[in-house]
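Inside the fold
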Amino acid sequence: MVRKKSLEAAEGRLVWNHSTHIPGLIPVLTRLCKVPGVKTVTPGRLGQAKGRPMPLTIRVTVPIVGGFKLQARSSGGVQEIFVVTSLTEAELQQAIDGLLADN
């Protein structure tokens, strides 16, 4: 009999919908997929941000069905990220902050 991993212990997946991303975003999202409770990470549309260039920041913005929408900002660009997860908003933001601190 073969045992399957529980869904919580399984590694999430990163969906590649776009060919362009904010610089430095993909390594952070790849590590985010390894956080327990994260099922799917999908980078969304990319746009221009006004203001001065700054280091990569990612914050949880609004809840969506099954997870949260994030916003990443860096070097004059802004990108949406959709995360399907069982984590709470605070747990997800804490995990993201830890990943950004490791950069």
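Being a predicted model, the structure only gives us computed values, none of them experimental. (Residues numbered from 1 in each chain as written. Predicted model: local features only at pLDDT ≥ 70, side-chain atom pairs only at ≥ 80, totals over all residues. Heavy atoms only, no water.)

Spatial strand order, β1-β2-β5-β4-β3: five strands in an open sheet with mixed pairing. The strands lining the two open edges of the sheet, one partner per strand, are β1 (13-14) and β3 (57-64). Summarising the sheet, β3 and strand β4 (residues 67-74) pair through seven bridges and their orientation is antiparallel. For Thr57, the partnering residue across the bridge sits in β4 and is Arg73. Across the sheet, helix α2 (residues 89-101) touches β3, β4 and β5 (77-85), and the angle it forms with β3 is around 160°. (Pairing = 2+ DSSP bridges. Helix = DSSP H or I, 4+ residues; strand = E, 2+ residues; numbered from the N terminus. Contact = heavy atoms within 4.5 Å. Axes fitted to C-alpha atoms, helices over the stretch in contact; angles between N-to-C directions.)

What follows is about the side chain of Thr40. Relative to the assigned elements, Thr40 resides in strand β2 (residues 38-48). You can call Thr40 buried: its relative accessible area is 16%. (Buried < 20%, exposed > 50% of the residue type's maximum accessible area, 1.4 Å probe, protein only.)

Tracing the chain through its elements places Val78 in strand β5. Taking the C-alpha atoms as reference points, Val78 and Gly44, 34 residues apart in sequence, are found 10.0 Å from one another. Sequence-distant contacts of Val78, defined by excluding residues within four places in its chain, comprise Ile22, Arg45, Leu46, Gly47, Gln48, Ala49, Gln71, Ala72 and Arg73.

Regular strands place their side chains on alternate faces of the sheet. Counting buried positions over the nine residues of β5 gives seven, a clear majority of the element. Two elements, β4 and β5, share eight bridges in a ladder whose sense is antiparallel. For Gln71, the partnering residue across the bridge sits in β5 and is Glu80. The hairpin formed by β4 and β5 contains two residues between the paired strands, and Ser75 there has a positive phi angle of roughly 45°.

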